[in-house]
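Chain by chain, the residues run as shown.
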2 protein chains.
Amino acid sequence: MKTMTIYDVAQKAGVSIATVSKVINRNGRISEKTRERIMQIMAEMGYVPNLVASALSSKRTYMIGLLLPDISNPYFAELARNIEDRAHELGYNVVICNTDNQIDKESDYLTFLQQKSVDGILMATGLAHPQSLGLILEKKLPIALIARDAPQLAVNSVYVDDFMGGYLAASHLLSLGHRRIGIIVESMELESSRQRLKGYRSALDEFHCPYDEQWVSVSDFSIVSGIEVAGRLLDRKIRPTAIFACNDLLAIGSIQAARSRGISVPEGLSVVGFDNTFLCGMVDPALTTVGQPIRELARNAVDLLHRQLLGEEQPKQRIVLLPELVLRKSTQRYGSFETVGDINL
Amino acid sequence: MKTMTIYDVAQKAGVSIATVSKVINRNGRISEKTRERIMQIMAEMGYVPNLVASALSSKRTYMIGLLLPDISNPYFAELARNIEDRAHELGYNVVICNTDNQIDKESDYLTFLQQKSVDGILMATGLAHPQSLGLILEKKLPIALIARDAPQLAVNSVYVDDFMGGYLAASHLLSLGHRRIGIIVESMELESSRQRLKGYRSALDEFHCPYDEQWVSVSDFSIVSGIEVAGRLLDRKIRPTAIFACNDLLAIGSIQAARSRGISVPEGLSVVGFDNTFLCGMVDPALTTVGQPIRELARNAVDLLHRQLLGEEQPKQRIVLLPELVLRKSTQRYGSFETVGDINL
DNA sequence: GTGAAAGCGCTAACAC
DNA sequence: GTGTTAGCGCTTTCAC
């Protein structure tokens, strides 16, 4: 069955292809009568427009590229889901690109996406290397950054207030009486990590608790890394009574590290995570965490991009959403229970 | 900066566009000398071919569509990750489509993908409604099914031996001495669920343990559903001593249902999951499960599709991979410990 | 080895 | 309101 074109429809309807094109794109002046007749004919024939051809002349592909480190990470999976939902509502398809935070994969994908003429790009990779970004900006490809970095460059972005998140986590622990609070950050390369750390320090200051660098550890995104880094923290002679992990995976790793050392959570160690992925309710004890409004993050980012695509000449903007503390079972007042098998000094 | 075309390159190189096209696609006869010179010039100019135009004439977009129920489900996220990895290696981008198992969303996406002329489609949705499939097959759009259904239709597919998976899970529990084994299936619509149930029955037979329908419950994919359904099972006067849940999420839900009733796992209840997602190592107790070779599933599916795209006229095939039991901490011999707070008859 | 030219299927002026 | 036509940027015969 040969695939049909707009010519076939035009012929069958006894009109020109321009007319058909106009009813497809519902623009131009068309009498209601011929409009309906043509719609009817298209339906009968089972005609579907070829969007590649359409894209070539109209310069719009209705596709957006989504760059993220790894979609198998629950945080990014949830983000991707919400992004795809919103994009689909607006008539766009999304192409996923796993960069593993590698700069060469990142620019590789960027080149591909550019060649394929995606209408816009959403970056949730956090790193956003200047050279990659430069490439895009130069080509005037609409872009929006999500959830992480908001570098010096003038690009649209949507993210949570990481400083506040760090502050919320630390002050929660401090107000529970904790004073030796370990913090595990994802990477010092990330602006988000730096901000969360600053928030943590700010809370410390407010509680007149001295900042001590020995309590800050750098990790990466993975759970195994969380186990390892938290393990090192817990093997100290003087060990922390609480850990603030900069993502839920690291927090879960911390719980596991504690458990394998016979330290129970929250009795022997309080743990706070970040992101509020669905994992929090899944582990035991359920994880207290700093919640990111993932859905809103996603929606706002897509909408921001969409407005650019519509050609609305709006000023570049940064949308900052506020995180909130989600209390569950992994934190408790320091010293409120007799700790068993616990050698805290 | 106006975007360049093949004409600009041809002009600068003093050759025709046909020649340039040939060096880009490394086909046709081109002298090594001019080839290099043109490559050089393209690099200097920063020229990148427009793949939309290329697609319009060559009929190949180097994009494949991936339909799945929900990418925020860890199983599908891992699958998607591996699919994207392999596709990327082969030079393809992947467009994700979340169907939520709704037939209208499914056919909606299918229409879109067809209009965008993706080179092929990967379906991991399990349902694969005949009408949707018919649409694709009719258009001769290459397709491969993953991980779930393998209906009557002649389509390529890759999946695990679900019967064997069910058998493995049940016989593990039976050999531990369990006789009242609840099974929670995702949906009776799914061939995979039916097969797993058959495997379960087969193991029962082998152990001369009578099959009793009261032990089989139907659920959906979610953890909340797992909690609910497992809860009903556990609230029976005579309750099961083990539960075989047809995915890890349901298994985790079962553990939570048990915990909230004061039943500990594995002492008061053994639980086996299915899929072997990374969640298994994350919960307490770590989950014994039937492992799917997700990576191989993904690779094989992409390769199968790829071979079709290359036009290799191969017979349709079904690749069946074998699952394996992954032992962790959520199962134990029935009766080997005094059960506490347990009213088993 | 290289080039001319006819599409691929559609959009968007512009003319009528 | 509807039709004509010139592209969009590339691939691909088929001459030379």
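Computed from a predicted model, the values in this text were never measured in an experiment. (Residues numbered from 1 in each chain as written. Chains lettered and ligands numbered in written order. Predicted model: local features only at pLDDT ≥ 70, side-chain atom pairs only at ≥ 80, totals over all residues. Heavy atoms only, no water.)

Now for the overall build of chain A. On a plain count of helices and strands, chain A comes out with 12 helices and 12 strands. A globule of 345 residues ought to have a C-alpha radius of gyration of about 20 Å, yet chain A, at 26 Å, is considerably larger. Seen through its principal axes, chain A has C-alpha atoms that stretch 90 × 40 × 30 Å. Sequence separation of 24 or more characterises 71% of the internal contacts of chain A that already satisfy a separation of 6 or more. A total accessible area of about 14,700 Å² is found for chain A, and carbon and sulfur atoms account for 53% of it. (Helix = DSSP H or I, 4+ residues; strand = E, 2+ residues; numbered from the N terminus. Rg over C-alpha atoms; globule rule 2.2 N^0.38 Å. Contact = heavy atoms within 4.5 Å. Areas by Shrake-Rupley, 256 points an atom, 1.4 Å probe, with all protein chains shown as cover.)

This next bit is on the relation of the copies chain B and chain A. Note on the copies: chain B fits chain A at an RMSD of 0.1 Å, the axial shift is 0.0 Å, and the rotation between them is 180°. Seen this way, the second copy is the image of the first under a two-fold rotation axis. Within chain B, B:Val95 has its C-alpha nearest the rotation axis, a separation of 2.2 Å. Comparing contact sets, 100% of the residues at the interface of chain B also lie at the interface in chain A, consistent with an isologous, same-surface contact. (Least-squares fit on C-alpha atoms with pLDDT ≥ 70 in both.)

Attention now moves to the domain arrangement of chain A. All names here are of chain A. Taken domain by domain, chain A consists of domain 1 (6–58), domain 2 (63–160 + 293–322) and domain 3 (162–292 + 325–344). A separation of 30 Å is found between the C-alpha centroids of domain 2 and domain 3. In this assembly, 14 residues from domain 2 lie in contact with 15 residues from domain 3. Both sides of the domain 2 and domain 3 interface together cover about 1,400 Å² of buried area, and 57% of this is carbon and sulfur. Where domain 2 packs against domain 3, one counts zero salt bridges. Run the count over domain 2 and domain 3 and you get four residue pairs in polar contact (both at pLDDT 80 or more). For the side of domain 2 that touches domain 3, the secondary-structure elements that each account for two or more residues are α5 (74–89) and α12 (294–309). Per-element accounting of the side of domain 2 that touches domain 3 gives the leading share, three residues, to α5. Across the side of domain 2 that touches domain 3, the residue classes tally to eight nonpolar, three polar and three charged. (Domains from an automatic or database assignment. Buried area = accessible area lost by both parts, 1.4 Å probe. Salt bridge = Lys/Arg side-chain N within 4 Å of Asp/Glu carboxyl O. Polar contact = N/O pair within 3.5 Å; in protein donor to acceptor, adjacent residues only side chain to side chain. Nonpolar A, V, L, I, M, F, W, Y, C, P; charged D, E, K, R; others polar.)

Residues given the UniProt feature "domain: HTH lacI-type" (unreviewed entry) here are residues 4–58 of chain A. Spanning residues 4–58 of chain A, this segment combines 69% helix with 0% strand, and its end C-alpha atoms are found 20 Å apart. (UniProt positions renumbered as here; feature names shortened; annotations may be inferred.)

This next bit is on the interface of chain B and chain A. Contact residues are listed per partner, giving 53 residues for chain B and 53 residues for chain A. Buried area between chain B and chain A, both sides added, is near 4,600 Å², and the carbon and sulfur share of it is 60%. Put simply, chain B and chain A have five salt bridges between them. A:Asp100 is the partner of B:Arg81 in a salt bridge, and the nearest nitrogen-oxygen pair spans 2.3 Å.

Moving on, we come to the protein's contact with DNA strand C. Within the structure, DNA strand C sits among 26 residues, and A:Ile6, A:Ser21, A:Tyr47, B:Thr19 and B:Lys22 are positioned closest to it. Considering DNA strand C, the proportion of its atoms within 4 Å of the protein that are sugar or phosphate atoms stands at 69%. Residue A:Asn25 places a side-chain N or O atom 3.0 Å away from a phosphate oxygen belonging to DNA strand C. Within the contact set of DNA strand C, a base nitrogen lies 3.3 Å away from a backbone nitrogen or oxygen of A:Ala53. Of all the elements in the fold, those that place two or more residues in the surface near DNA strand C are α1 (6–13), α2 (17–24) and α4 (51–58) of chain A together with α2 (17–24) and α4 (51–58) of chain B. If one sorts the elements of the surface near DNA strand C by residue count, α4(A) sits on top with four residues. Of the residues belonging to the surface near DNA strand C, the class tally is 11 nonpolar, 12 polar and three charged. (Near = heavy atom within 4 Å.)

This part is about the pairing of strand β3 (residues 120–123) of chain B. Looking along a regular strand, one sees side chains alternate from face to face of the sheet. All names here are of chain B. Of the two faces of β3, the one holding Gly 120 and Leu 122 and the one holding Ile 121 and Met 123 are both buried throughout. Across four bridges, the pairing between strand β1 (residues 63–68) and β3 is parallel. Along β3, the bridge assignment pairs Leu 67 with Met 123. Pairing analysis gives three bridges linking β3 to strand β4 (residues 143–146), with the strands arranged parallel. (Buried < 20%, exposed > 50% of the residue type's maximum accessible area, 1.4 Å probe, protein only. Pairing = 2+ DSSP bridges.)

Below, the discussion takes up the protein's contact with DNA strand D. Around DNA strand D, 28 residues are found, and the nearest of them are A:Thr19, A:Lys22, B:Ile6, B:Ser21 and B:Tyr47. Backbone atoms, meaning sugar and phosphate, make up 62% of the atoms of DNA strand D lying within 4 Å of the protein. B:Ser21 is positioned such that a nitrogen or oxygen atom in its side chain is 2.7 Å from a phosphate oxygen of DNA strand D. One of the side-chain N or O atoms of B:Asn25 is found 2.9 Å from a phosphate oxygen in DNA strand D. Of all the secondary structure elements, the ones that give two or more residues to the surface near DNA strand D are α2 and α4 of chain A together with α1 (6–13), α2 and α4 of chain B. Residues that form the surface near DNA strand D fall into these classes: 12 nonpolar, 13 polar and three charged.

Attention now moves to the packing of aromatic side chains. In this description, a pair of aromatic rings is defined by centroid distance and the angle of the planes. The full count for this structure, using the stated rule, is eight aromatic pairs over all chains. Their ring planes at 75° and their centres at 5.0 Å tell us that B:Tyr75 and B:Phe76 sit as a pair that is edge-to-face. The exposure class assigned to B:Tyr75 is buried, which follows from its relative accessible area of 2%. For A:Arg196, the ring lying beneath its charged end belongs to A:Phe274, and the centroid distance is 3.6 Å. (Phe/Tyr/Trp six-rings, centres within 6.5 Å; stacked < 30°, edge-to-face > 60°. Lys NZ or Arg CZ within 6 Å of the ring centre and 35° of its normal.)

Attention shifts here to the nonpolar core. The biggest cluster of nonpolar side chains holds 60 residues, and the ones touching the most others in it are A:Leu79, A:Leu122 and B:Leu79. Ignoring sequence-local partners within four residues, the contact set of A:Leu122 consists of A:Ile64, A:Gly65, A:Leu66, A:Leu67, A:Ile83, A:Ala144, A:Ile146, A:Ala301, A:Val302 and A:Leu305. Core analysis: the second largest hydrophobic core is formed by 47 residues, A:Val265, A:Val271, B:Ala251 and B:Val283 among them. (Core = buried A, V, L, I, M, F, W, Y, C linked by side-chain atoms within 4.5 Å.)

The subject of this paragraph is the state of the cysteines. The final tally for this structure, using the stated rule, is zero disulfides over all chains. A:Cys97 carries a free sulfur, and the closest cysteine sulfur to it, the one in B:Cys97, is 14 Å from it. Free of any disulfide, B:Cys209 has its nearest neighbouring cysteine sulfur in B:Cys246, separated by 17 Å. Among the residues examined, B:Cys209 registers a relative accessible area of 7% and is labelled buried. (Disulfide = S-S within 2.5 Å.)

For the rest of this paragraph, the subject is the pairing of strand β11 (residues 318–321) of chain A. Residue and element names in this part refer to chain A. The alternating pattern of β11 places Ile 319 and Leu 321 on a buried face, while none of Arg 318 and Val 320, on the opposite face, is buried. For strand β5 (residues 156–160) and β11, the ladder comprises four bridges, and the chain directions are parallel. Counted as the bridge partner of Ser 157 is Arg 318 from β11.

All names here are of chain B. Those residues of helix α7 (residues 130–138) lying buried are Ser 132, Leu 133 and Ile 136. For α7, the arc enclosing every buried residue in end-on projection is 95°, short of the 170-degree limit, so these residues lie on one face. Those residues of α7 that are exposed and angled more than 90 degrees off the buried face are Pro 130 and Gln 131. The inward-facing, buried residues of α7 abut α6 (103–115), β3 and β4. In the segment just after α7, Lys 140 is the residue with positive phi, at about 60°. (Arc of directions from axis to C-beta.)

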